[in-house]
Each structure stands twice: as C-alpha cells, then as structure tokens.
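Read off the chains here:
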Amino acid sequence: MDTTGKVIKCKAAVLWGPHQPLKIEEIEVAPPKAHEVRIKIIATGICRSDDHIIEGLIQDSKYPLILGHEAAGIVESVGDGVTTVKPGDKVIPLFVAQCGECRGCVEPKSNMCCKAQVGQHTGLMLDNTSRFTCKGKLIHNFISTSTFTEYTVVDEINVVKIHDDAPLDEACLIGCGFSTGYGSAVNAAKVEPGSTCAVFGLGGIGLSVIIGCKVAGASRIIAVDVNSNKFAKAKELGATECVNPKEHENPIHEVIQKMTNGGVHYAFECIGNTDIMVSALLSSHFSCGTAVMVGVAPSDSTLSFSPLLLLTGRTVKGAIFGGFKSKDCVPELVSDLIAKKFKVDGLVTHKLPFHEINKGFDLLRKGESIRTVLEF
Ligand code: PAD
Ligand code: ZN
Ligand code: ZN
C-alpha cells in the first residue's frame, strides 16, 4: 500500500514524563513537509543518553516525547525540495545536524550545526511543529531524531544516505555510540601512535574509544570501570590493562599516574560523572596530557578544579558525536564498516524485538548490556 502523503498509524515507545517506563502506543505520524524525510526505522540501539531523559537529568527536556537517536532505516517518503535522499534509500538519522551553510558547519574544526543545535531541546521540527500525535496529544521528538518508533520524520539536515550493502542492525551504531567513542579518540583527541590512553567507563561509548585508540596505534590503553564484568570485552577490543577503582585504596588518578610514570597522554571520561571528569584530568600528564569529556553530566552540574592544573600544559576538551561532521563522515564510517576497517558487532550484546524496549533499558541499568539493538 502506498503511504506517500498519508498519515501513518504505527507503534512507538512514548515517554509521558520523567521516571516512567516507556509505553508502547499507537501514534499518528504525519507526512513529511518540505525539506523533511519520513523514515521506516529498521534497527535502533539503546544509549545511556536516552536513559538520562527518563531519569530527568536534562532539565529542558520536553514531554511527552519519543526517545531514540541511534538507528538505521529506509526512507518511506520525502517532502518537497528534498534532494539528498529518495524513497527506498538506506539512511541513518543524525542527531547532530549538518546544514553545510551556517557558521558551525563552515568552520573546519567544528561539527556543530547552528540551525538545529543538539543542546537545545525544542522537541520540534525546524518549523517548530511536531509530526507525532498520540491520543490527540502532541508528542515531541528527541534531539531531532526519535527512533523508538516504526516511523519517524526528520529534517533533511538530520539524515544521510548510506551504502546499499550496509547491514542496518550494525550500521545503527554508527548513528551514535560507535562514532561518538571512535571519533573522540581519532578525531577529537587525535591519539598518536605510541601514546598512552586511559578510558573511564566501559559502556558502548568507552569501548568505542578503545577501538579508536587501538586503530590510532596507542601503545597502552588502560580501561577503568567499577564493574569488573566489563573488562573481558575491553581487553578483546584493545585494552592493554584494566583497573577497578574499587580495588584500590588510593584515588584512581594516583593509581594511573603511578602506572604511567606521571600520567597518560590522553584520558577520556565516558560516564557523565563530574568527579570522574576531574579524575580523568588528573590522570593525564601535568605537562602534556589531554582530557576529553565525552560523558553527558546532569544539566545543572558544574566542573570544579584548580586552574593550576591547566597552567602546566594540560588540555581539556569535549566532543559530541566524536567531533565528526555528521553528513560528511557517517557514510564514510559505514563504508569503513563494510570494508571491515573496524567491527561493531562486539558492542551488540543483546537483540530484542521493539516491544521489549523496557527490558533493554533494564539490562543497561543493571550493567549487563553494552548495546541492545531493537528490531522492528
Ligand atoms: P553506559 O552506562 O553503557 O556505560 C557507562 C559505564 O561507566 C558503565 O560500564 C559503568 O559501570 C561505568 N561507571 C559508572 N560509574 C563509574 C565510576 N564512578 N567509575 C568508573 N566507571 C563507572 O553508557 P554509554 O557508554 O552508553 O554512555 C556513556 C556516557 O556518554 C553517558 O553519559 C552518555 O550520555 C554519554 C554520551 N555522549 C555522547 C556524546 O556525543 N558526547 C553520545 C552518546 C552518549
Ligand atoms: Zn547516544
Ligand atoms: Zn549548519
């Protein structure tokens, strides 16, 4: 049946408010307007950033909303003026937009688009309306994507075509977790061959940082987590040593300084914990270390440390989506995946049918899963 131009009724996981389980509801998805694309989602991963919204950690979140931002799917229909994708194309929705024209997009060192800023939770399309309704109520989107639904609508600057041969159940991880971690190492930090690295937090993000550090030729990759069950996977992906802070009396930065003759070249925080952000900074060498903040901390938190830590030569930086310009880099990363330059299947610990989404979140919260991929 041709659905072009029609409202589609389908199943979606709606978050009606913070601290609630997701509810599978029948929703209406309006056709795409000009410069918008309607996508049938085929596979979507569960990321901790989705859980932060359920936990109410991001204060300007708009409810009710449909979460999900790490996905791959197939274009169902396009609005007027869309030129970069067509019905039937395999695509990845992009929570970091790339319009190609704004200040952020033309700056070579930036990957932030000013037209759709990922940090501004409007929950709406660029024209300030929504394409989702449920039981007569407007449903917001999440960081311009919303992929916990059989169909979604995104602005054209938030979607990119990928290779026809892409396996969508793996390519979905290029939509967030893999690219965020991998890019933090190879792109934001620019890890050099022979350098030493420490990675704090071994979820989908931290493990992808490890993959990036290994590809970049790091000589030592120290993996840090309070859950020792994460260590086997970290070693499999490239960690050379694993440390559990709970097994040491001294603060973790002292342990790492001792292991590395004063500190690592690159330390990555992949948890979203401001205390560990400071630990990461202190774990980097006082004269030349770089600490990269990748984890998303609660929106009302602040980072506090002595400026003397920087005067001696340390660098602090942060990156969203690994600093990758999304439209330019996602198709390349998918082609690299097809060419087996790296593997992402090690990150997928569980596959579940979409309607078991709450079970997927439970697995993440219990520390039992890395990525759960939901299939429709
Ligand atoms: P995850 O929950 O799967 O992994 C976090 C890991 O940290 C777990 O293995 C925990 O056991 C471990 N951990 C928790 N507390 C500590 C501690 N005090 N010391 C050591 N280890 C600890 O999450 P994830 O990998 O999906 O995401 C990690 C963070 O990255 C999270 O804050 C998420 O919101 C953020 C993120 N950032 C971006 C970005 O673009 N910057 C994108 C996606 C996710
Ligand atoms: Zn994510
Ligand atoms: Zn832009």
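Keep in mind that what you see is a predicted model, and the values were worked out from it rather than measured. Sequence order as written defines the numbering, with residues in each chain counted from 1. Written order decides the labels, with chains lettered from A and ligands numbered from 1. Two thresholds apply to this predicted model, a pLDDT of at least 70 for residue-level local features and 80 or more for giving and counting side-chain atom pairs, whereas whole-chain, interface and lining totals are computed over all residues. The side-chain numbers reported here are obtained from all heavy atoms of the structure, hydrogens and water having been left aside.

Caption draft 1: Structural context of the overall build of the chain. Helix and strand assignments follow DSSP, with helices taken as H or I runs no shorter than four residues and strands as E runs no shorter than two, numbered in order from the N terminus. A count of helical and extended segments in the chain gives eleven helices and 17 strands. Atoms counted for the radius of gyration: C-alpha only. Globule rule: 2.2 Å times the number of residues to the power 0.38. Relative to its length of 376 residues, the chain is compact, with a C-alpha radius of gyration of 20 Å against a globular reference of 21 Å. Oriented by its inertia axes, the alpha-carbon framework of the chain measures out at about 65 × 40 × 35 Å. The rule is simple: take the accessible area with a 1.4 Å probe, protein chains only, and divide by the maximum for that residue type; under 20% is buried, over 50% is exposed, in between is partly exposed. Within the chain, the proportion of its 376 residues that are buried is 57%. The long-range share in the chain, meaning contacts at least 24 apart out of those at least 6 apart in sequence, stands at 71%. All accessible-area figures derive from a Shrake-Rupley calculation using a 1.4 Å probe, and residue coverage is judged against the displayed protein chains alone. Summed over all atoms, the accessible surface of the chain reaches about 15500 Å², with 53% contributed by carbon and sulfur. We score Asp and Glu as negative and Lys and Arg as positive, and we do not count His or the chain ends. One atom stands in for each charge, and that atom is NZ of Lys, CZ of Arg, CG of Asp or CD of Glu. Charge centroids of the chain, computed over 38 positive and 41 negative side chains, lie 1 Å from each other. The contact criterion used is simple: two residues touch if any of their non-hydrogen atoms lie within 4.5 Å.

Caption draft 2: Quick peek at the coordination of the zinc ion (ligand 2). Listed donors are limited to N, O and S atoms within 2.8 Å of the metal, widened to 3.2 Å for Na, K and Ca; water is not among them, so incomplete-looking sites are possible. Protein coordination at the zinc ion (ligand 2): the donors are Cys47 (SG), His69 (NE2) and Cys176 (SG), at 2.0 to 2.3 Å from the metal. Every donor residue of the zinc ion (ligand 2) comes from the same chain, spaced as C-x21-H-x106-C. Remark: Cys176 occurs in the loop between helix H3 (168-171) and helix H4 (177-189) and Cys47 occurs in the loop between strand S3 (36-45) and helix H1 (48-54); sequence separation between them is 129 residues. Each of the two residues, Cys47 as well as Cys176, counts as buried.

Caption draft 3: Inspection of the coordination of the zinc ion (ligand 3) at higher detail. At the metal site, the zinc ion (ligand 3) is ligated by Cys99 (SG), Cys102 (SG), Cys105 (SG) and Cys113 (SG), and these contacts range over 2.3 to 2.4 Å. Geometry is assigned from donor-metal-donor angles: four donors are tetrahedral when every angle falls between 85 and 135 degrees, four are square planar and six octahedral when opposite donors sit over 155 degrees apart with all other angles between 65 and 115, and any other arrangement is irregular. Considering all four donor atoms around the zinc ion (ligand 3), angles at the metal cover 101 to 116° and the coordination shape is tetrahedral. Every donor residue of the zinc ion (ligand 3) comes from the same chain, spaced as C-x2-C-x2-C-x7-C. The exposure class of Cys105 is buried, given its relative accessible area of 10%. The class of Cys113 is buried, set by a relative accessible area of 3%.

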